[in-house]
Amino acid sequence: MNPQPRSTDILANGFWHNNAGLVQLLGLCPLLAVSNTVVNALGLGLATLAVLMICNLTVSLLRGLLRPEIRIPAFVLIIAATVTVVELVMRAWFHDLYRVLGIFIPLIVTNCAIIGRAEAFASRHRPWPALLDGFATGSGFCAVLVVLGTLRELIGQGTLLDQAHLLFGDFGRRMTLEVIPDYRGFLLALLPAGAFIALGLLVAAKNVVTARQRQQPKASAAATEAL
Amino acid sequence: MSDSNRISLLKNAGLLALIGLLGSLLLAFTYNVTKPRIAEQERRAILASLNQIIPAGRYDNALQSDVIDIHSPGFFKHDDPVRIWRARQAAVPVAAIMQVTAPDGYNGDIVLLIGIDTDQRILGVRVVSHRETPGLGDAIELDKDDWILSFNGKSLRQPPRSQWSVKKDGGAYDQFTGATITPRAVVEAVVRALQYFQSNQREIFSTESTITAEPAA
C-alpha cells in the first residue's frame, strides 16, 4: 500500500500541477468540441466532474476485489454504467442542455482522464483521497473547459453566458451578458480550429507560470548564497 | 492449466460478471426512475416547438397525439417518415405541422418543423436540428437571425412557384453571406412540404391518427 498523500497535495495536483486538460492533455475531444460557449462548457464540465468522483469512489471501494488481470475491464464497466446514469439524469432534469450537448455526454466514457485516474490513483488509495482526487481532477478539467468557453464565446460572438437558461432555468435568461454590443462575430473562435489555438495559448500560459514558479525559489536561493 | 490457474480464472470471470450485474441493476433502477420524467420532458419540448408555430389558443385538440406519419421517401428525398401533427378547433382542421428533413444542407440533414394552415399558407418554420457552420449557415436558427420568419404567410401563390428559391437562383429568398447551400436546402424543403400539403390536404386531416405510445425524440 502506498503512503496516503496529503489532501492539499491531491487538490493541487489534480487541479493545477497535473491538470487533465492543460498538462496531461487528456479528454481533448469534448474539451475542444463543446467549449464554444460558457454554458456548454460548464454543463459538460460538471457532468465530467460527477462521473470522475463517482468512478473514483467506486473503484477505490472495490480495490480490494479488483485483481490486476481484470482491473481494466472492470474500470470500463464501472465508467460506462456511471456515465449512462449521469446521461439519464441529465435527460430527465436538464433536458434542453442534454439536447445541446448531445453525443458528448455518452462520449464522457471515452475521456481517458477518467480511466487514467481510476488506474493511477483510485485503485491504490482509500475512498476519501480517491474521492478528493476525482474532485480535484474533475474541477481542474471543468475549469479549463469554462476558461476556453469564456474565451471562445467572448471572441466568437461577443457574449457571455448565452443560453444560460439551459443550465439555470428561466432565471438564466437574465444572466446573458452582451459584452460587446453589435459585435459581428469572429467565426474562427467558434470553429474547432479556434479551440485548438485557444487551448494552445492556455497551455503556453500555464507553462510560463509554472516556469516562473520554478525559477523563483532558485533565484531566491541564489540570492541567499550570494549574501 | 493447473488447478490454481483455473480457479483464479473462474474467480476473475465471476467478479467481472458480478460488477456487470451490479452495473445493470443500477442502470435498470435509474432508467425506471427517470423514464416518466424523460418522456414528460420530451413531450414538453415537442409541444413547446409546436406552439412556436401555432399558438396554443388557435386549436383545442390534443395536438401532440393527433399525429400521422407519411412514408414517401421519393417525394421528400429522405428515408425518415414525415410526421404531421394536426391542429383542430372544434374538430375543424386549422393547420398541420410537418416535420420534414432537408437532406441537402451544407453539413447533412436539417430537420424542420413547417406549419401550414388550411388556406395553404405558411404559419411558420422552425429548425429542429442541423449541423450547419456556426456563424454562417446557422442563421437559419431563430436565435441567431430572423431569416426563418421570412416564410411566414407565404404560399405557392405568393410568391409564385418560380420564385421559391434563393435570390442567387433568381428567387425571392435571401441567402446568407458566405452560405447559399443552407438556405437553398431549407427553401426547397419548405416548397416540398407546401406541394405535398396542397395535393394531399384532405387525406392529411382525415387519416386516422397513428399515435404511438412513445413520442418521437
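Preceding block: the structure.
Attention here is on the structure that accompanies the text. What you see is a predicted model, and the numbers here were worked out from it, not measured in a lab.

What counts, and where the lines are drawn
Residue numbers here run from 1 along each chain, matching the order of that chain's written sequence. Chains and ligands are labelled by the order in which they are written, letters from A for the one and numbers from 1 for the other. Local features in this predicted model are restricted to residues of pLDDT 70 or higher, and side-chain atom pairs are both shown and tallied only at a pLDDT of 80 or more, whereas totals for entire chains, interfaces and linings draw on every residue. Only runs of H or I of at least four residues qualify as helices and only runs of E of at least two qualify as strands under DSSP, and these elements are numbered from the N terminus. It is over C-alpha atoms that the radius of gyration is taken, and the globule rule equals 2.2 Å times the number of residues to the power 0.38. Counting other C-beta atoms within 10 Å of its own, a residue is labelled buried from 20 upward, exposed at 12 or fewer, and partly exposed in the gap between, with every C-beta atom placed from the backbone. Two residues qualify as a contact pair if the distance between their C-beta atoms, derived from the backbone, is within 7 Å. Put simply, Ala, Val, Leu, Ile, Met, Phe, Trp, Tyr, Cys and Pro go in the nonpolar bin, Asp, Glu, Lys and Arg in the charged bin, and everything else, Gly too, in the polar bin. Helix axes are fitted only over the stretch in contact, all axes being lines through C-alpha atoms; the angle between N-to-C directions runs from 0 to 180 degrees. Roughly parallel covers angles under 35 degrees, roughly antiparallel covers those over 145, roughly perpendicular covers 65 to 115, and oblique covers all other angles. Crossings are sorted by hand: turned counterclockwise from the far helix by less than a right angle, the near helix makes the crossing left-handed, and turned clockwise it makes it right-handed. DSSP calls a pair of strands paired once it identifies at least 2 bridges connecting them. Here a helix's expected span is defined as the number of its residues, less one, multiplied by 1.5 Å. Note that the arc is defined by the directions from the helix axis to the C-beta atoms.

Here we take up the overall build of chain B. Looking only at helices and strands, chain B has three helices and five strands in total. The helix and strand sequence of chain B, counted from the amino end, reads α-β-α-β-β-β-β-α. Taken over C-alpha atoms, the radius of gyration comes to 23 Å for chain B, far larger than the 17 Å a tight globule of 217 residues would show. Structurally, chain B occupies a C-alpha span of about 85 × 45 × 30 Å along its principal axes.

It is worth spelling out the overall build of chain A at this point. Helix and strand content of chain A: 10 helices and two strands. Beginning at the N terminus, the succession of helices and strands in chain A can be written as α-α-α-α-α-α-α-β-α-β-α-α. Viewed in the frame of its principal axes, chain A has a C-alpha envelope of about 60 × 60 × 30 Å. By the burial criterion, 43% of the 227 residues in chain A qualify as buried. Across chain A, the fraction of contacts at a sequence separation of at least 24, relative to all contacts at a separation of at least 6, is 79%.

Residue and element names in this part refer to chain B. Cis geometry is found at the peptide bond from Q158 to P159, where omega equals 0°. Assignment of secondary structure puts P159 in the loop between strand 5 (122-129) and helix 3 (181-206). Even without being a glycine, K77 presents a positive backbone phi close to 60°. On the secondary structure map, K77 appears in the loop between helix 2 (73-76) and strand 2 (82-89). Unlike most non-glycine residues, A91 shows phi in positive territory, near 70°. In this structure, A91 sits in the loop between strand 2 and strand 3 (92-105). Of the residues examined, A91 has 7 C-beta atoms within 10 Å and is grouped as exposed.

All right, on to the interface of chain B and chain A then. Between chain B and chain A, the contact holds 17 residues from the first and 20 residues from the second. Residue composition of the side of chain B that touches chain A, grouped by class: nine nonpolar, seven polar and one charged.

With that settled, the discussion passes to the packing of helix 3 (residues 38-61) of chain A against helix 4 (residues 71-93) of chain A. Geometrically, a packed helix pair is captured by the angle between its two axes and the distance between the axes. Residue and element names in this part refer to chain A. The geometry of helix 3 relative to helix 4 is characterised by a closest axis approach of 9 Å and an angle of 140° between their N-to-C directions. It follows from the interaxial angle that helix 3 and helix 4 lie oblique. Handedness of the crossing formed by helix 3 with helix 4: right-handed. Here A47, A50, V51, I54, C55, T58 and V59 of helix 3 lie close against helix 4, whose contacting residues are F75, I78, I79, T82, V83, V86 and M90. For the contact of helix 3 with helix 4, the class distribution of residues is 12 nonpolar, two polar and no charged.

Turning next to the sheet that holds strand 3 of chain B. Residue and element names in this part refer to chain B. Pairing is antiparallel across the open sheet formed by five strands, whose spatial order is 1-2-3-4-5. The open sheet terminates on both sides in strands that have one partner only, identified here as strand 1 (67-70) and strand 5. Mean inter-strand twist for the sheet, computed between neighbouring axes without regard to direction, equals 25°. Of the strand pairs in this sheet, strand 3 and strand 4 (residues 108-117) are connected by nine bridges, and their pairing is antiparallel. Bridge pairing in strand 4 links A102 to I110. Along the sheet face, helix 3 touches strand 2, strand 3, strand 4 and strand 5 and points at about 145° away from the line of strand 3.

Turning to helix 7 (residues 127-157) of chain A, a few remarks are in order. A rise of 1.5 Å per residue sets the reference length of helix 7 of chain A, with its 31 residues, at 45 Å; its end C-alpha atoms lie 43 Å apart and thus fit the reference within 8%. Looking one or two residues beyond helix 7 of chain A, the residue adopting positive phi is G158(A), at roughly 70°.

This next bit is on helix 6 (residues 112-120) of chain A. Residue and element names in this part refer to chain A. Looking only at helix 6, the buried set comprises A113, I114, R117 and A118. Seen end-on, helix 6 carries its buried residues on one side only, within an arc spanning 135°. Those residues of helix 6 that are buried lie in contact with helix 3, helix 4 and helix 7.

Spatial relationships are all this shows, so hold off on functional conclusions.
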